[in-house]
Amino acid sequence: MALVEREEALGGTCLNHGCIPTKALLHAAHLLRVVRSAGKIGITASGVELDWERLQRWKDGVVRRLSQGVRFLCERNGVEIIGGIARFAGANRVRVEGADLELEADAVVVATGSVPAELRGLEFDGERVISSREALSLPRRPGRLLIVGGGYVGMELGTFFASVGTEVVVVELLERILPGIDPELVSHLARALPPGLDVRTGSRVIGLERVRGGIVARLRGPDGGEFRVEAELALITVGRRPNTAGLGLEGLGVARDERGFIRVNERFETSVPGVYAVGDVAPGPMLAHKAHWEGKAVAEAICGRPPGERPPVPAVAFTSPEVATVGLSEPEARERGYGVVIGRFPFTASGRALTLDDTRGLVKVVAEKRSRRILGVGIVGPRASELIGQASLALHRGMTLEEFGGAIRPHPTLSEALGEAAEVPLGGAIHVL
Ligand SMILES: Cc1cc2nc3c(=O)[nH]c(=O)nc-3n(C[C@H](O)[C@H](O)[C@H](O)COP(=O)(O)OP(=O)(O)OC[C@H]3O[C@@H](n4cnc5c(N)ncnc54)[C@H](O)[C@@H]3O)c2cc1C
């Protein structure tokens, strides 16, 4: 088995330019916020400062260690790692530019990921108009930053930069940040964003000028009025698109959908037998755990195992507070015609949240009224990213409110909020009226 990778470091976007570096930086931002706000519980620290270079070095060290781990695992599992750019020379032949090689295989898996989407007039130049990749390794902290796009990536990076002292303006075209997430959850987040994070929804950039020392953007607000934002940098986070350019898929006849994703069947095989596609390049949410699940599933499919159904894919915005969801939101469930019951449990009623001095947000459980089967769970609040795993399991196993709510959870933990939220529609929750 051979793996072709064009970058020096293994691990792809998630490990090198996505999930891991963002979460490392967000952890630093969290520590800063905690230390600076601990006065009320009797901890005062003076001279708390952020050493930008040291933070970058630490973050790079985390990334390097994980990437080396991936290389070690590949080598130990007999994977030949070939550095270079892969391009199809036939259905079962791949030419590797940079290694001067042509490989032949019974099965070829395309897992080339995605690239940041560009906006006309706001094309990346890597210096003043940048993507998330550059934003994760800036040589110094910008004083003022314009972020175009209030989705997961924009809001996470906005949270980081605002928490470390940058003045951030996030511009979102739609009327809400985190489009696609239950508006009720988003409203909790919007109320609790860190200071220094100015979110302008319903607004669009209509012009951008590169000036000495930065950029000046002209924007149109929801009322049609124009306003200007001056910043050192413009970070464009308006989504990502599947990375299929230059792979030679057209010549091969590999079918793609209208958004450019490679079409696959339930075995992840494309329209060309023997060619498979998984991860961001294939339809579905562009998330690392979805890619991971598909990577395992395609390996099993190639080995002849019958395909299994993909469990629901959770999604997390590592903002402050965090937002995490799995399954259907309340609006989605109603749109699909379900009669629903809802259980809500606010973190203000959680003993553990109080001891953590963070009672922002709530757990919201959506269940089918008749069967009481859980359809979806949304959490906004402390450690939502860790809590949502329980809900994933509940949906994966098709649990009812009784089954999910009935488990004993340790006290005092935030996880109790999940059980109580599930028990609300049953009349069994005792910490809320
Ligand atoms: C800032 C940011 C934060 C994110 N945070 C999260 C998060 O918290 N949680 C989460 O689940 N997801 C997150 N994501 C999304 C996640 O990174 C992707 O969903 C995931 O990396 C997709 O995995 P993949 O294997 O499909 O593609 P990738 O990880 O992009 O890997 C594709 C690999 O293919 C290589 N490649 C491409 N073309 C060629 C070629 N022709 N020849 C050789 N090699 C090639 C690339 O160099 C790359 O290494 C984040 C993304 C970004 C940008």
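Everything below is about the structure shown above.
Reference entry: report on the structure contained in this document. The structure presented is a predicted model; accordingly, all values stated were derived computationally and were not measured. (Residues numbered from 1 in each chain as written. Predicted model: local features only at pLDDT ≥ 70, side-chain atom pairs only at ≥ 80, totals over all residues. Heavy atoms only, no water.)

## Quick notes on the nonpolar core
- Among the nonpolar cores identified, the biggest contains 35 residues, and Phe160, Phe161, Leu178 and Val323 are the most heavily contacted of them.
- Of all elements in the fold, only α2 (19-36), α3 (52-76), β9 (144-148), α5 (152-163), β10 (167-171), α6 (183-191) and β15 (233-236) reach the threshold of two or more residues within this core.
- For Val323, the contacting residues outside a window of four places in its chain are Leu178, Ile181, Leu185, Leu189, Ala315, Val316, Ala317, Ile379, Val380 and Ala384.
- Residues Val363, Ala384, Ala394 and Leu414 belong to the second largest nonpolar core, which totals 25 residues. (Core = buried A, V, L, I, M, F, W, Y, C linked by side-chain atoms within 4.5 Å. Buried < 20%, exposed > 50% of the residue type's maximum accessible area, 1.4 Å probe, protein only. Helix = DSSP H or I, 4+ residues; strand = E, 2+ residues; numbered from the N terminus. Contact = heavy atoms within 4.5 Å.)

## Observations regarding the site of the ligand
- Neighbouring the ligand are 31 residues; Glu5, Thr13, Lys23, Asp280 and Ala288 lie closest to it.
- The separation between a nitrogen atom of the ligand and a polar main-chain atom of Ala86 is 2.9 Å.
- Taking Asn243, its side chain carries an N or O atom lying 3.4 Å from a nitrogen atom of the ligand.
- Protein contacts shield 89% of the accessible area of the ligand, which totals 990 Å² for the unbound molecule.
- Looking at the shell around the ligand, the element that brings in the most residues is helix α1 (residues 12-17), giving 4 residues.
- Of the residues in the shell around the ligand, the class split is 13 nonpolar, 12 polar and 6 charged. (Near = heavy atom within 4 Å. Polar contact = N/O pair within 3.5 Å; in protein donor to acceptor, adjacent residues only side chain to side chain. Areas by Shrake-Rupley, 256 points an atom, 1.4 Å probe, with all protein chains shown as cover. Nonpolar A, V, L, I, M, F, W, Y, C, P; charged D, E, K, R; others polar.)

## Here's the deal with the environment of Gly150
- You can see Gly150 is positioned in the loop between β9 and α5.
- Gly150 gets classed as buried once you look at its relative accessible area, which sits at 0%.
- Taking C-alpha positions, Gly150 is 5.1 Å from Glu172, a pair spaced 22 residues apart along the chain.
- Contact partners of Gly150, with chain neighbours within four places excluded, come to Met155, Val170, Val171, Glu172, Ile177, Leu178 and Pro179.

## A look at α2
- Between the first and last C-alpha of α2 there are 26 Å, a value that for 18 residues agrees with the 26 Å anticipated at 1.5 Å per step.
- Buried within α2 are the following residues: Pro21, Thr22, Ala24, Leu25, Leu26, Ala28, Ala29 and Leu32.
- Contacts made by the buried residues of α2 are with α1, α3 and α5. (Expected span 1.5 Å × (residues − 1).)

## Quick look at the sheet that holds strand β18 (residues 315-317)
- Read from one edge to the other, the open sheet built from 5 strands follows the order β18-β19-β22-β21-β20, with strand pairing classed as antiparallel. The open sheet has two free edges, formed respectively by β18 and β20 (340-346), since each of these has just one partner strand. Pairwise comparison of adjacent strand axes, ignoring direction, gives a mean angle of 10° for this sheet.
- Taken together, the 6 bridges between strand β21 (residues 362-368) and strand β22 (residues 374-381) define a ladder with antiparallel strand orientation. The residue bridging Ala367 from the neighbouring strand is Ile374, located in β22. (Pairing = 2+ DSSP bridges. Axes fitted to C-alpha atoms, helices over the stretch in contact; angles between N-to-C directions.)

## A few points about the pairing of β22
- Among the 8 residues in β22, 8 count as buried, and that is most of the element.
- Here 6 bridges tie strand β19 (residues 322-327) to β22, and the two strands are oriented antiparallel to one another. Its bridge partner being in β22, Ala324 is matched across the sheet by Ile379.

## Remarks on the pattern of salt bridges
- Scanning all chains against the criterion turns up 29 salt bridges.
- The residue Glu167 makes a salt bridge to Arg144 at a minimum N-O spacing of 2.6 Å. Here Glu167 is found in strand β10, whereas its partner Arg144 is found in strand β9, with 23 residues between them in sequence.
- The exposure class of Arg144 is partly exposed, given its relative accessible area of 28%.
- Note that Glu226 and Arg218 form a salt bridge whose closest N and O atoms lie 3.3 Å from each other.
- One salt-bridge network, in which partners are shared between bridges, spans Asp182, Glu184, Glu330, Arg334, Arg344 and Lys364. (Salt bridge = Lys/Arg side-chain N within 4 Å of Asp/Glu carboxyl O.)

## Some details on the packing of aromatic side chains
- Summed over the entire model, instances satisfying the criterion amount to 4 aromatic pairs.
- Both rings, one in Trp52 and one in Phe160, keep their centres 5.9 Å apart while their planes meet at 35°; by these two values the pair is tilted. Taken together, the residues Trp52 in helix α3 and Phe160 in helix α5 connect sequence positions 108 residues apart.
- Here Trp52 falls in the buried class, since its relative accessible area comes to 9%.
- Judged by relative accessible area, Phe160 falls into the buried class, the value being 1%.
- Here Phe160 and Phe161 contribute two aromatic rings whose centre-to-centre distance is 4.9 Å and whose plane-to-plane angle is 65°, an arrangement assigned as edge-to-face. (Phe/Tyr/Trp six-rings, centres within 6.5 Å; stacked < 30°, edge-to-face > 60°.)

## Some thoughts on the state of the cysteines
- All chains considered together, the criterion is met by 1 disulfide.
- The side chain of Cys14 participates in a disulfide bridge whose partner is Cys19; the two sulfur atoms lie 2.4 Å from each other. In this structure, the disulfide formed by Cys14 and Cys19 twists by about -130° around the S-S bond and is classed as left-handed.
- Cysteine Cys74 remains unbridged, with the sulfur of Cys14 as its closest cysteine sulfur at 14 Å.
- Of the residues examined, Cys74 reaches a relative accessible area of 15% and is grouped as buried. (Disulfide = S-S within 2.5 Å.)

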